Amino acid sequence: MNLTKVCAFSPFKSNPVQKPTSKTTINLSILEDLLLKCRTFKHFGKILSQMISTGFIKDTYAASRILKFSTDSLFIHVNYSHKIFDYIENPNGFICNTMMRAYLQQNQPQNTIFLYKSMLKNNVCIDNYTFPLLVQASTVRLSEIEGKEFHNHVIKTGYRSDVYVNNTLINMYAVCENMIDARKLFDESPVLDLVSWNSILAGYVQVGKVEEATVIFDKMPMKNVIASNSMIVLLGRSGWMTEACQLFNKMKEKDVVSWTALISCYEQHGMYKQALDLFMQMCANGISIDEVVVISVLSACAHLLVVQTGESIHGLVIRVGFESHVNLQNAFIHMYSTCGDVMAAQRLFDTSSHLDQISWNSMISGHLKCGCVEKARELFNSMPEKDVVSWTTMISGYAQHDNFSETLALFQEMLHEDNKPDETTLVSVLSACTHLSALDQGKWIHAYIRKKGLKVNIILGTTLTDMYLKCGCVENALEVFNGMEEKGVSSWNALILGLAMNGQVEKSLAIFQEMKECGVTPNEVTFVAVLGACRHMGLVDEGRSYFDSMTRYYNVEPNIKHYGCMVDLLGRAGLLKEAETLIDSMPMAPDVATWGALLGACRKHGNSEMGERVGRKLIELQPDHDGFHVLLSNIFASKGNWDSVLDIRGAMTRQGVVKVPGCSMIEANGAVHEFLAGDKSHPQMNEIETMLAEMENRLKVMGYAPGTDEVLLDIDEEEKESTLFRHSEKLAIAYGLISITPPTPIRIIKNLRICNDCHTAAKLISKAFNREIVVRDRHRFHHFKDGSCSCKEFW
């Protein structure tokens, strides 16, 4: 209420000490009758004026009644009540307590304490109603120091045996999470009532002490619904769901909080079906629903993707009549969008009269989950105000939908508008850096994390480690990994896989051994990484041993990826029959990736008969896969079967199968450049052409001869008509030589497997130009230095 308007009727506005000017009589009976009929501040002002003009305000009891009415009335401001209080001569303890309580009820606990100090100065009588108000004021302020001072006053004034005073002190200590003093006071209290027991129990519940709370609950002489509800919340929060359910079932009386507590516990622990079943039982028993329980149930619906159930609950909420609550609106928007009905979510959003930040963020998230990235960006751009969640949601959405350039661009915009990213934002941005091989930007983000003192948690640390490994920076990755305070199994997995991809297989397997020695249990992903390490170096015996140990020692059943790794390992080693036998013995149907690994091995080792059989099978399984057509075509070509080559090419044309062109990306001076096979579109193409000629000249001096026999057989890597020296990785290397100053390595990402000719050329270029070149192809890293490669010719 506006105090200026209130004071317009005030008898205090001109002269607070007025002398009686009227002989109108008023007594206690008349006052009570007038107050009973008082409904407006104007009417109250007249009553107060009459009391002042007649001098009746000096009657202590009458003064207490007018002040009590003032503090209890919603149309009278607390500051105006204080003016009345100041006008009263010699206020007693009841009057002071009334004013203190008014300040406390108006969330002004500091004024309650100031008034108490004034009472001490004026020697106003303190009673057992004063101290609970003071202790409550310190509780609201979460000031244990003030609470202890009042505790000392209680002891000095002799009220330590008052159960009401003691209960507020127990509650104060409990709220301030000082359960030692709360329990001591509880144990020493001469009288304990139900409030005492509930207060100490609530304290243990708040700090999460299950055992102590259970002891108190079991000792309670009388257990009410409030105590049982508190225990259900604590047990559920602590993961003791069986005990929480048993307690719920034992309760003779249950209120809406009882049902809501258990339903919320189910939802928080991922027991979504149980949450829905209990909610249905709650409705069948005629228990009134509230906003809290509906939000929990809608979350369960979203996780179970049961939009029909969510719609039924929506109808129920409309019938009850609180569907306009903004928290519920947000829960419905989230439920509909998560279940894929983004149109229903959008209709709710468009028709809602109460939208907050969460509403906008939920709607953006909903469109992103349904793949509507452009619509999400439109909403994002039209937001009246963006918070860190808004930016993170949109940035993460871009990253999840492989719009990595947009991810980095929006992140830069976020920083430009002086928004501070959190760990979740940085994880998405680092993921984009990884996919674009944008090492410079990844390093900048790492420096930003250090500068801002952000905590490198398991997820952020693992993402950083993965980014460095996938950019070929093993030392940086090890530095991050070793500096992590906490490491999850995902952290170890990323390092094992990354080291293997970078050609450090022995180190990779040593890390796996270290992981086990640290007590971290390997999971399915770990063994994919370990078997991947073995296949990168052709360690057949070791691979067989690790594969066998999965079920024997770690109770991990091999899945399709593990079998695929073993097939690839055996095939690369030339054990084609064993690889095919393993496929035939798989407990699940082999996928195209597994057959594809065998087909690649057939091509590598020249087994045309098996290759033709496997290739035709793969084309039947996935007729739109360009790589399988090309591999089979190469196998036919290697046999000189040109008619079959033409048939495969013709089939590709008829079925609309388009071969993915070779593409290489390189980061230079903070920008990512992309080259296609035979590309001539780069703005620095003249300089690149000059460098290509220089590369060719130096390589010829070193005895390099283009592998023209590879042109036909490697057409799955580059377009047949492209000359060998215009393969995308050679163009990228040429650009790196003119743009990246030594000793910084030239880092390139290739979307396909690097061809034999480019591999040979890259080795010689590294020696001829004294440069380190790192190429990440579809399968692994190749670190070229001084004329050799980290893969040791096994890829």
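Taking an unreviewed UniProt entry as the reference, the chain is identified by name as Pentatricopeptide repeat-containing protein At3g62890-like belonging to Nicotiana tabacum.

Asks: For this particular structure, what's the right way to read the packing of aromatic side chains?
Replies: By convention here, two paired aromatic rings are described through the distance between centres and the angle between planes. Using the criterion set out here, one finds 20 aromatic pairs in the structure. Between phenylalanine 44 and phenylalanine 69 the ring centres are 5.8 Å apart and the planes differ by 15 degrees, which places this aromatic pair in the stacked class. Of the two residues, phenylalanine 44 sits in helix H3 (residues 41-54) while phenylalanine 69 sits in helix H4 (residues 60-72), which places them 25 residues apart along the sequence. Judged by relative accessible area, which is 0%, phenylalanine 44 ranks as buried.

Asks: Any chance you could explain the pattern of salt bridges here in plain terms?
Replies: Any two side chains of opposite charge can pair, so long as their charged atoms come close to each other. Applying the stated criterion across every chain, the model contains 24 salt bridges. Residues arginine 572 and aspartate 568 are paired through a salt bridge, measuring 3.0 Å at the closest nitrogen-oxygen approach. Note that arginine 572 and aspartate 568 are positioned in helix H34 (residues 560-572) at a spacing of four residues, about one turn of the helix. The exposure classification of arginine 572 matches that of aspartate 568, with both residues buried. Where lysine 730 meets aspartate 757, a salt bridge forms, and the shortest distance between an N and an O atom there is 2.8 Å. Here lysine 730, found in helix H42 (residues 728-739), pairs with aspartate 757, found in helix H43 (residues 756-768); they are 27 residues apart in sequence, far enough to count as distant. Here lysine 730 matches aspartate 757 in class, with each residue buried. Connected through shared salt-bridge partners, Glu144, Lys148 and Asp181 make up one network.

Asks: Help me understand the pairing of strand S5 (residues 781-785), please; the structure alone is not making it clear to me.
Replies: Side-chain direction in a regular strand flips from residue to residue, so the side chains alternate between the two faces of the sheet. Across the five residues that make up S5, a large majority, four, are buried. Sheet topology note: the strand S4 (residues 773-776)/S5 ladder contains four bridges and is antiparallel. Along S5, the bridge assignment pairs valine 774 with histidine 783. Linking two consecutive strands that pair antiparallel, namely S4 and S5, is a turn of four residues. As defined by bridge partners, S5 adjoins strand S6 (residues 788-789) across two bridges and the pair is classed as antiparallel. By the bridge assignment, lysine 785 is partnered in S6 with serine 788. The turn linking S5 back onto S6 is made up of two residues, and aspartate 786 within it adopts a positive phi angle of 55 degrees.

Asks: Could you clarify how one ought to interpret helix H33 (residues 540-553) in this entry?
Replies: Note on helix geometry: an α-helix contains 3.6 residues per turn, so any two residues three or four positions apart are oriented the same way. For H33, with 14 residues, the first-to-last C-alpha span of 20 Å sits near the 20 Å given by 1.5 Å per residue. All of the buried residues in H33 are Val540, Gly543, Tyr546, Phe547, Ser549 and Met550. The inward-facing, buried residues of H33 contact helix H31 (505-517), helix H32 (524-537) and H34. Looking at the residues trailing H33, positive phi occurs at asparagine 555, about 55 degrees.

Asks: Would you mind showing me how to read unusual backbone geometry here?
Replies: When glycine is set aside, most residues are seen to have a negative phi, and most peptide bonds are trans. Omega for the bond connecting proline 742 with proline 743 falls within 30 degrees of zero, at 10 degrees, which places this linkage in the cis form. Inspection of the secondary structure puts proline 743 in the loop between H42 and strand S3 (746-750). Even without glycine at this site, asparagine 770 takes up a positive phi of about 50 degrees. For asparagine 770, the location among the structural elements is in the loop between H43 and S4. When its relative accessible area of 61% is taken as the criterion, asparagine 770 is described as exposed. For aspartate 786, which is not a glycine, the phi torsion comes out positive at approximately 55 degrees.

Asks: Sorry, what's going on with helix H21 (residues 342-351) here?
Replies: Buried within H21 we find Val342, Ala344, Ala345, Gln346, Leu348 and Phe349. On its buried face, H21 is in contact with helix H19 (307-320), helix H20 (326-338), helix H22 (357-369) and helix H23 (373-382).

Asks: Sorry if this is basic, but what is going on with the sheet that holds S6 here?
Replies: In a beta sheet, neighbouring strands pair by backbone hydrogen bonds and run either parallel or antiparallel. With mixed pairing, the six strands of this open sheet are ordered in space as S2-S1-S3-S4-S5-S6. What marks the edges here is a single partner per strand, and that holds for strand S2 (671-676) and S6. In this structure, strand S1 (residues 663-668) lies alongside S3, joined through three bridges in antiparallel fashion. By the bridge assignment for S3, methionine 665 is matched with isoleucine 749.

Parameters and conventions
Residues numbered from 1 in each chain as written. Predicted model: local features only at pLDDT ≥ 70, side-chain atom pairs only at ≥ 80, totals over all residues. Heavy atoms only, no water. Phe/Tyr/Trp six-rings, centres within 6.5 Å; stacked < 30°, edge-to-face > 60°. Helix = DSSP H or I, 4+ residues; strand = E, 2+ residues; numbered from the N terminus. Buried < 20%, exposed > 50% of the residue type's maximum accessible area, 1.4 Å probe, protein only. Salt bridge = Lys/Arg side-chain N within 4 Å of Asp/Glu carboxyl O. Pairing = 2+ DSSP bridges. Expected span 1.5 Å × (residues − 1). Contact = heavy atoms within 4.5 Å.

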